Every structure is written in C-alpha cells, then in structure tokens.
Amino acid sequence: MNTSKCLVTGGAGYVGSVVAAHLLAAGHTVTVLDDLSTGHRDAVPEGARFIEGRVQEAARHLDGSYDAVLHFAACSQVGESVARPEKYWRNNVGGTLDLLDAMRAAGVRTLVFSSTAATYGQPAVVPVTEDSPTVPTNPYGASKLAVDHMIAAECAAHGLAGVSLRYFNVAGAYGRWGERHEPESHLVPLVLRTALGERPEIAVHGDDYPTPDGTCVRDYLHVADLAEAHLLALAAARPGEHLVCNLGNGNGFSVREVVETAREVTGRPIPQRAGPRRPGDPAVLVASAERAREVLGWRPRRPDLGDIIADAWEFARRTADGELP
Ligand SMILES: NC(=O)c1ccc[n+]([C@@H]2O[C@H](COP(=O)([O-])OP(=O)(O)OC[C@H]3O[C@@H](n4cnc5c(N)ncnc54)[C@H](O)[C@@H]3O)[C@@H](O)[C@H]2O)c1
Ligand SMILES: O=c1ccn([C@@H]2O[C@H](COP(=O)(O)OP(=O)(O)O[C@H]3O[C@H](CO)[C@H](O)[C@H](O)[C@H]3O)[C@@H](O)[C@H]2O)c(=O)[nH]1
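Bear in mind that the values here come from a model prediction, so they are computed numbers and not experimental data. (Residues numbered from 1 in each chain as written. Chains lettered and ligands numbered in written order. Predicted model: local features only at pLDDT ≥ 70, side-chain atom pairs only at ≥ 80, totals over all residues. Heavy atoms only, no water.)

Asks: Describe in detail the sheet that holds strand 5 (residues 110–116), supporting the description with residues and values.
Replies: Spatial strand order, 3-2-1-4-5-6-11: seven strands in an open sheet with parallel pairing. The two strands at the open ends of the sheet, each matched to only one other strand, are strand 3 (49–52) and strand 11 (242–247). Across the sheet, the mean angle from the axis of one strand to that of its neighbour is 20°, orientation sign disregarded. Pairing of strand 4 (residues 68–71) with strand 5, which is carried by three bridges, proceeds in the parallel orientation. Following the sheet pairing, L70 is matched in strand 5 by V112. Each of strand 5, strand 6 (161–167) and strand 11 is contacted by helix 4 (residues 139–158), which is oriented at about 155° to strand 5, the strand it contacts most. Across the face of the sheet, helix 6 (residues 223–236) comes into contact with strand 1 (5–9), strand 4, strand 5, strand 6 and strand 11 while running at roughly 165° to strand 6. (Pairing = 2+ DSSP bridges. Helix = DSSP H or I, 4+ residues; strand = E, 2+ residues; numbered from the N terminus. Axes fitted to C-alpha atoms, helices over the stretch in contact; angles between N-to-C directions. Contact = heavy atoms within 4.5 Å.)

Asks: Tell me about the site of ligand 1, and please be specific about residues and values.
Replies: Looking at ligand 1, there are 30 residues lining it, with D34, T38, N91, Y140 and K144 nearest. At a separation of 2.8 Å, an oxygen atom of ligand 1 approaches a polar backbone atom of F72. The side chain of K144 places a nitrogen or oxygen atom 2.6 Å from an oxygen atom of ligand 1. Relative to its free-state accessible area of 820 Å², ligand 1 is covered by the protein chains to the extent of 96%. Mapped by element, the contributors of at least two residues to the shell around ligand 1 are helix 1 (14–25), strand 5 and helix 4. (Near = heavy atom within 4 Å. Polar contact = N/O pair within 3.5 Å; in protein donor to acceptor, adjacent residues only side chain to side chain. Areas by Shrake-Rupley, 256 points an atom, 1.4 Å probe, with all protein chains shown as cover.)

Asks: Quick one: what's the story with the state of the cysteines, residue by residue and with numbers?
Replies: Linking two cysteines covalently via their sulfur atoms produces the bond known as a disulfide. For the structure shown, the criterion picks out zero disulfides. Summary of cysteine pairing: C155 is not part of a disulfide, and the nearest cysteine sulfur, belonging to C245, is at 13 Å. (Disulfide = S-S within 2.5 Å.)

Asks: Help me get a handle on the site of ligand 2, residues and values and all.
Replies: Near ligand 2, the surroundings consist of 20 residues, among which T116, H186, A203, R278 and D281 are the closest. Here an oxygen atom of ligand 2 and a backbone polar atom of H205 are 2.8 Å apart. When ligand 2 sits alone it has 690 Å² of accessible area, and the protein chains cover 91% of it. Elements represented by at least two residues in the shell around ligand 2 include exactly helix 5 (187–195) and strand 8 (202–205). It is strand 8 that provides the largest number of residues to the shell around ligand 2, a total of four residues. The class makeup of the residues in the shell around ligand 2 is 12 nonpolar, five polar and three charged. (Nonpolar A, V, L, I, M, F, W, Y, C, P; charged D, E, K, R; others polar.)

Asks: Please give an account of the pairing of strand 11 that cites residues and values.
Replies: Across the six residues of strand 11, five count as buried, placing the element largely inside the fold. Relative to strand 11, strand 6 runs parallel, the two sharing six bridges. Directly across from V163, in strand 11, lies its bridge partner L243. (Buried < 20%, exposed > 50% of the residue type's maximum accessible area, 1.4 Å probe, protein only.)

Asks: Account for the confidence of the model for the protein, naming residues and giving values.
Replies: Within the protein, residue pLDDT values average 96, and 100% of them lie at 70 or more. For this predicted complex, the interface score ipTM comes out at 0.97, alongside a pTM of 0.97. (pLDDT = per-residue confidence, 0-100.)

Asks: I'd love a proper account of the pattern of salt bridges, names of residues and values included.
Replies: Under the definition given, this model contains 19 salt bridges. Salt-bridge contacts for K87 lead to E80; the nearest nitrogen and oxygen are separated by 2.9 Å. Among the salt bridges present, the one from D101 reaches R104, with a minimum N-O distance of 3.2 Å. Of the two residues, D101 and R104 are both situated in helix 3 (residues 85–106); the distance of three residues between them amounts to about one turn of the helix. Residues joined in a network through salt bridges with shared partners are D101, R104, R109 and E154. (Salt bridge = Lys/Arg side-chain N within 4 Å of Asp/Glu carboxyl O.)

Asks: Report on the packing of helix 5 against helix 7 (residues 255–266), specifying residues and quantitative values.
Replies: At their nearest, the axes of helix 5 and helix 7 sit 10 Å apart, and the two run at 45° to each other. Overall, the two elements helix 5 and helix 7 adopt an arrangement that is oblique. Here the hand of the crossing between helix 5 and helix 7 comes out right-handed. Judged by residue contacts, L187, V188, V191, L192 and A195 of helix 5 engage V255, V258, V259, A262 and T266 from helix 7. Residue classes in the contact of helix 5 with helix 7 are distributed as nine nonpolar, one polar and no charged. (Parallel < 35°, antiparallel > 145°, perpendicular 65-115°, else oblique. Left-handed = near helix turned anticlockwise from the far one by under 90°.)

Asks: Run through the domain arrangement of the protein, naming residues and quoting values.
Replies: Taken domain by domain, the protein consists of domain 1 (5–171 + 220–247) and domain 2 (173–218 + 251–286 + 302–321). Opposite the 30 residues of domain 1 that make contact, domain 2 presents 27 residues. For the domain 1 and domain 2 pair, buried surface summed over both sides reaches about 2,400 Å², with 59% attributable to carbon and sulfur atoms. Counting the surface domain 1 buries against domain 2, the share from its top three residues, Y14, Y220 and H222, is 32%. When the shortest N-O distance is used, the salt bridge between R180 and D42 registers 2.9 Å. Of all the elements in the fold, those that place two or more residues in the side of domain 1 that touches domain 2 are helix 1, strand 7 (169–171), strand 10 (220–222) and helix 6. Among the elements that line the side of domain 1 that touches domain 2, the one with the most residues is helix 1, at five residues. Split by residue class, the side of domain 1 that touches domain 2 holds 18 nonpolar, nine polar and three charged. (Domains from an automatic or database assignment. Buried area = accessible area lost by both parts, 1.4 Å probe.)

Here it is as structure tokens:
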C-alpha cells in the first residue's frame, strides 16, 4: 500500500480525530490543522503533528511535500446556521476557497471532503442516491453543497483529484475518540447523557411524522466505518475527477427505536418526552451507499445499531468516570 503525507483539517474534532488515528495506523504521516473552535487538543492522536491554526491560513503550512488534504474543518450545527448564516458562508465556503487556493499554489492535488446528507434536504425518494436532487433546507447544507460544486470545478479546471463523502448520521466511538460537542445536539450522545443521569429526559423532536411510529427515521453509521471510507477514498481519488459518495448503512431507525436500543444496551431507563418538531428535519433520511461499495470497495464492519450505541456508551461511561478527558 502507498502511504501519503496528509494534512487533516479539523483533526481535533470528532470525525477528524478518528480518521487521523486510522491514517496513522495505516502508516500515513499526519499533520492536523485545527483552530480548536469546537475541537479538543487532547483528541489529536499521538504521532500526528499539530498546528493550531485556521484553514483560512493553510497557505502558511502547506507545501509540495504533502500528498493529500482531508478536510473536516467546518461549522456544522444546523440550527446555528439558520440563525447565523454568514458564519457558515465565511467558514465553510470561504475557508474551503482559501484551502483550494493554498493547495493549488503548493501543488497538493488530492482532496477528501466531509460533505453531508444535508445537501439533499427533504428527499422525495429513499434510499437517497448521489443522483437525487440536492435541495438543502438550511445554510449548513447549502454551504456544504456549494463546496461540493467548488471541488467539482477545481477538478475540471485544474486537475484536482477530489472526493466528497456525504455522511448520513455518524455515531459511535473508536477507543479514546468519541463525540464531545458542546453544546451537543446529536441524538445518540444526548440519549446516553440521559442514561448517565446527566439529563432528566430525552426530548423527542416530533412524533407526528409520516413514519411507522411518528418519529424521524435516520441511517446511523459507525464512525470507524466512516474512517475506513476516507482511507479508501484517498486511494480511489483520480486527477481531474470529482467523486461523490454517500456513506450510510441503508437501514433506517426511528428516534424511538434509537432510545429503545440504548435502553437495551445500557440497562438504564432513559425517560423520553415527545415535544415539537425541530425546524428543517426531514422525516426520513436513508442512504443508498451502493456507489461507495462499488467504487471504493467500502464494507461497513459495524452496521448494527446496537454495536454503534454500545461503543458510544463505553466512551460516554469512561468520560463520565473521568477515565477519559
Ligand atoms: N458528525 C456528523 O454527524 C456529521 C455528519 C455529516 C457531515 N459532517 C461533517 O464532518 C466534519 C466533521 O464533523 P464533526 O462532527 O467531527 O465536527 P467537530 O466540530 O467535532 O469537528 C470540526 C473541527 O474543525 C475545527 N474547525 C472548525 N473551523 C475551523 C477553521 N476555520 N480552521 C481550523 N479548524 C476549524 C474545529 O475546531 C473542530 O475540531 C464537518 O465538516 C461536518 O460538517 C459531520
Ligand atoms: O434531542 C434530540 C436530538 C435529536 N432528535 C432527533 O433525532 C434525529 C437525529 O438527529 P441528530 O441531530 O442526531 O442528526 P440530524 O439527522 O439532524 O443531523 C445529521 O444529519 C444531517 C443531515 O441531514 C447533518 O449532516 C448533520 O451534521 C448530522 O448530524 C432527528 O430526527 C432529530 O430530530 C431528537 O428527537 N431529540
């Protein structure tokens, strides 16, 4: 296997730190560039070089010795993006434009980008393929879609080898790396904080959706399986081509099913209360990841929701016990 020298932007965050750990384990050389706006210094894996800095200043750090960039650094809260869209255009779109300029100037010609299911908005048909219409329902999704377009144009005009990976719902943990967002908005870690007694109950955002139990259905994906896909994407990237791949397991679980599975995994009660819908939430989001299987050869190893939640639970418990930071 060829090994690469990689710049990992956002490598102090949840997904970026897990991917950085996988890259190192596979023998790649890793430099993390992160401004710690939502990330944690201690999440950067041992063996990676760390630069505290902004993607907007990537030109200062990139040179021709790098083979590839994996770009995770972004703002990623849907609600905040509605309230403060300018932050999302500036950081996600503007930051990536600066990064592309820096890569072109340094001659670094491979990019793997964290895109999202939010680029599709409310899909009319599930499972969602990469050919589904992209009609984002919030500025976060729109900013990520704009970046996908920027990368496609950079590939066509300047020969970049670009891959956009559209994650569905990432969850789980990998060893000492897990989800530590503050504030946390994602369902699985909030359910587990409730199991730990740190929160009195889980608010179910809407139970009147056109789904079997009335709650939203999502496709949950293990963060370690997601990391594997990034390594495969690095190997599959081709100059002048922009590859877009969905990443999900193709199985939908409702909010109630997630809570029930967490009760089974943790053996704790986990009170829940139905509340109003959260604006912008699609009823059902399930991926077709056929392309990732065919083109990348991606095979998720932990597709079972119980396994995903068990790993997140182990991480949440160790964090609560003070064993992890
Ligand atoms: N977690 C999910 O479920 C999910 C789903 C779809 C897509 N994504 C995308 O995956 C990526 C990683 O998500 P995450 O959950 O790990 O988020 P995260 O907030 O944990 O990580 C993002 C990291 O980027 C850093 N960062 C932000 N702006 C920066 C800048 N301008 N310069 C340098 N560093 C900067 C933050 O400090 C943080 O460490 C994001 O691009 C996100 O949009 C995540
Ligand atoms: O306290 C909570 C938190 C969430 N939910 C529900 O649980 C489901 C999953 O919510 P998350 O916030 O965990 O995830 P999203 O589906 O909203 O978001 C995920 O998918 C999006 C694409 O639509 C973006 O990519 C985003 O970054 C990614 O986390 C949703 O129906 C949400 O309404 C609750 O009922 N209660």
